Amino acid sequence: MSKANPVVAIAGATGAVGREMLLVMEQRGFPASQVKALASGRSAGRRLTYEGPGASGIYGSGEGYVEVEEMTRSSFAGVDIALFSAGASVSREYREAVLDAGAVMIDNSSAFRMDSDVPLVVPEVNPDDVAGHNGVIANPNCSTIQLVVVLNALAQLVPLRRVVCSTYQAASGAGAAAMEELYTQTRQFLEGEPLTIERFAHQIAFNCIPQIDVFLDDGSTKEEWKMVVETRKILHEPALALAMTCVRVPVLRCHAESINVEFEAQLPVSVAEARAALEAAPGVAVMDDPLTLEYPMPGLLAGTDDVYVGRLRADPSVQNGLAFWSVADQLRKGAALNAVQIAELLL
Ligand code: A2P
């Protein structure tokens, strides 16, 4: 696939990430010749606002849209790039149909991320890995993307020895319906009504849930496992020591992470050097001033594209350590934006 004006399908176009994919393509002027919005039969016929190249209606008229079609195996005829965000089982079900149509699948689900013939790509970190694809390129987990963008910048200074990270993940990471559940439960809580709990294992309003995805035999969760194995794959560091704790918090949008990095001991890294490396890194914005109480916060960064870092300080518990805090809009850099950036690499 190296067409200047590809036909792009968005599978899961009505979902939290799918809608953001349309918005990101529109904002970046992604040069599609046609955009097809695909979802379940429930959404067929719905019109989604889309003002970018490849829209239905007159481009630039202010009335652009794409009309949702029910996704079937024949939806991919003539498609060059298929951006998938409809869940892992849907990606597995349609992989063959996409490849048979000669399209490249950029998959936001976890279905193929760890397959040895599937590149797992963050364009600021390992863009060259795209070259080895066999028709499928995987978009990493949202929390992984945010983490590797900063780890990659720091690893340019001195190799990393160990990373400890706790996440504070927004409700929208579990989809549009989960975001709705946070709104509904918040209202129910304030009005003293019984809470409707469907999308999370427990109440999410006014609570934190230290479980994302299912539990594994070793007591960790699958989200924590994904962050470990995906980070190693993207950084090409199969032995990097990582310890993760993933927590769902009652935030609508933007994941936060508390990160402790230990560098190789013999090469000391100062906070100033780390800050300079982060300031120079593509896709990273440093927001860090204790005097003015400046640091990144999820409630204030929705709709942004960078990975923000702040609270930079030495970690005195190890010989050569750095502690910091990061926030990124996981629907954008953690999902839709990263997928569209991968599509841009294919042009
Ligand atoms: P629909 O809105 O028609 O149900 P989210 O991650 O926000 O929950 O969104 C999931 C997306 O995946 C939605 O666009 C949803 O469409 C779509 N989807 C879910 N199951 C299927 C399916 N079997 N075939 C096609 N699209 C699906």
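Not measured: the values here are computed from a predicted model.

**What to know about the sheet that holds strand β13 (residues 321-328)**
Part 1: Taken in spatial order, the six strands make up an open sheet running β9-β8-β10-β13-β12-β11, and their pairing is mixed. Each edge of the open sheet carries a strand with a single partner, namely β9 (241-248) and β11 (284-286). Each strand axis lies, on average, 20° off the axis of its neighbour in the sheet, ignoring direction.
Part 2: Bridge count between strand β8 (residues 160-169) and strand β10 (residues 255-263): eight bridges; the pairing is antiparallel. Each bridged residue has a counterpart across the sheet, and for Arg162 the counterpart in β10 is Glu262.

**What about the side chain of Asp329?**
Part 1: Mapped onto the elements of the fold, Asp329 is located in the loop between β13 and α7 (332-346).
Part 2: By relative accessible area, which is 0% here, Asp329 ends up buried.
Part 3: Within the local environment of Asp329, its side chain forms a polar contact with the backbone nitrogen of Leu331, the two atoms lying 2.9 Å apart.
Part 4: Setting aside residues up to four positions removed in sequence, Asp329 forms contacts with Arg253, Cys254, Leu301, Ala302, Gly303, Thr304 and Gly334.

**Considering the site of the ligand**
Part 1: Taken together, 15 residues form the shell around the ligand, and within it Thr14, Ser40, Arg42, Ser43 and Ala176 come nearest.
Part 2: With respect to the ligand, the side chain of Thr14 contributes an N or O atom lying 2.5 Å from an oxygen atom.
Part 3: Measuring from an oxygen atom of the ligand, one finds a side-chain N or O atom of Arg42 at 2.7 Å.
Part 4: Its free accessible area being 570 Å², the ligand has 71% of it covered by the protein chains.
Part 5: Placement of the ligand is best described as lying within the largest pocket.
Part 6: A breakdown of the residues in the shell around the ligand according to their chemical character gives seven nonpolar, seven polar and one charged.

**Things to note about the pattern of salt bridges**
Part 1: Using the criterion set out here, one finds 17 salt bridges in the structure.
Part 2: Notably, a salt bridge pairs Glu230 with Arg113, separated by 2.9 Å at the nearest N-O pair. On the criterion of sequence distance, the pair formed by Glu230 in helix α5 (residues 222-235) and Arg113 in the loop between β6 (104-107) and β7 (136-138) is long-range, its members being 117 residues apart.
Part 3: Given the relative accessible area of 2%, Glu230 is considered buried.
Part 4: Here Arg113 falls in the buried class, since its relative accessible area comes to 6%.
Part 5: Where Arg187 meets Glu193, a salt bridge forms, and the shortest distance between an N and an O atom there is 3.3 Å.
Part 6: What emerges from the salt-bridge pattern is a single network uniting Glu20, Arg253, Asp305, Asp329 and Arg332.

**Re the pairing of strand β5 (residues 81-84)**
Part 1: Burial along β5 is two-sided: the face carrying Ile81 and Leu83 and the face carrying Ala82 and Phe84 are both buried.
Part 2: Bridging between β5 and β6 involves four bridges; their strand directions are parallel. Note that in β6 the partner of Phe84 across the bridge is Asp107.
Part 3: A crossover links β5 with its parallel partner β6, the connecting element being helix α2 (residues 88-100), and its sense is right-handed.

**Considerations on the packing of aromatic side chains**
Part 1: For the coordinates displayed, the defined rule picks out four aromatic pairs.
Part 2: Aromatic ring contacts, followed pair by pair, group Phe76, Phe84 and Tyr94 into a single cluster.
Part 3: Stacked on the ring of Tyr65, the Lys or Arg Arg47 has its end atom at 3.9 Å from the ring centre.
Part 4: Looking at Arg95, its charged tip hangs above the ring of Phe112, at a distance of 4.5 Å from the centre.

**As for the packing of helix α1 (residues 16-28) against α7**
Part 1: Look at α1 against α7: their axes get within 9 Å of each other, and the N-to-C directions meet at 50°. In terms of orientation, α1 and α7 fall into the oblique class. In this structure, α1 crosses over α7, and the sense of that crossing is right-handed. Of α7, the residues touching α1 (which contributes Val17, Glu20, Met21, Leu23, Val24, Met25, Gln27 and Arg28) are Arg332, Ala335, Ala336, Leu337, Ala339, Val340, Gln341 and Glu344.
Part 2: Taken together, the residues that form the contact of α1 with α7 break down as ten nonpolar, two polar and four charged.

About the thresholds
- Residues numbered from 1 in each chain as written.
- Predicted model: local features only at pLDDT ≥ 70, side-chain atom pairs only at ≥ 80, totals over all residues.
- Heavy atoms only, no water.
- Pairing = 2+ DSSP bridges.
- Helix = DSSP H or I, 4+ residues; strand = E, 2+ residues; numbered from the N terminus.
- Axes fitted to C-alpha atoms, helices over the stretch in contact; angles between N-to-C directions.
- Buried < 20%, exposed > 50% of the residue type's maximum accessible area, 1.4 Å probe, protein only.
- Polar contact = N/O pair within 3.5 Å; in protein donor to acceptor, adjacent residues only side chain to side chain.
- Contact = heavy atoms within 4.5 Å.
- Near = heavy atom within 4 Å.
- Areas by Shrake-Rupley, 256 points an atom, 1.4 Å probe, with all protein chains shown as cover.
- 1 Å grid on protein atoms, 1.4 Å probe; cavity = no way out; pocket = protein on both sides within 12 Å on 5 of 7 lines; lining within 4 Å.
- Sits in = over half its atoms within 2 Å of the grid points.
- Nonpolar A, V, L, I, M, F, W, Y, C, P; charged D, E, K, R; others polar.
- Salt bridge = Lys/Arg side-chain N within 4 Å of Asp/Glu carboxyl O.
- Right-handed = clockwise from strand over helix to strand, strands pointing away.
- Phe/Tyr/Trp six-rings, centres within 6.5 Å; stacked < 30°, edge-to-face > 60°.
- Lys NZ or Arg CZ within 6 Å of the ring centre and 35° of its normal.
- Parallel < 35°, antiparallel > 145°, perpendicular 65-115°, else oblique.
- Left-handed = near helix turned anticlockwise from the far one by under 90°.

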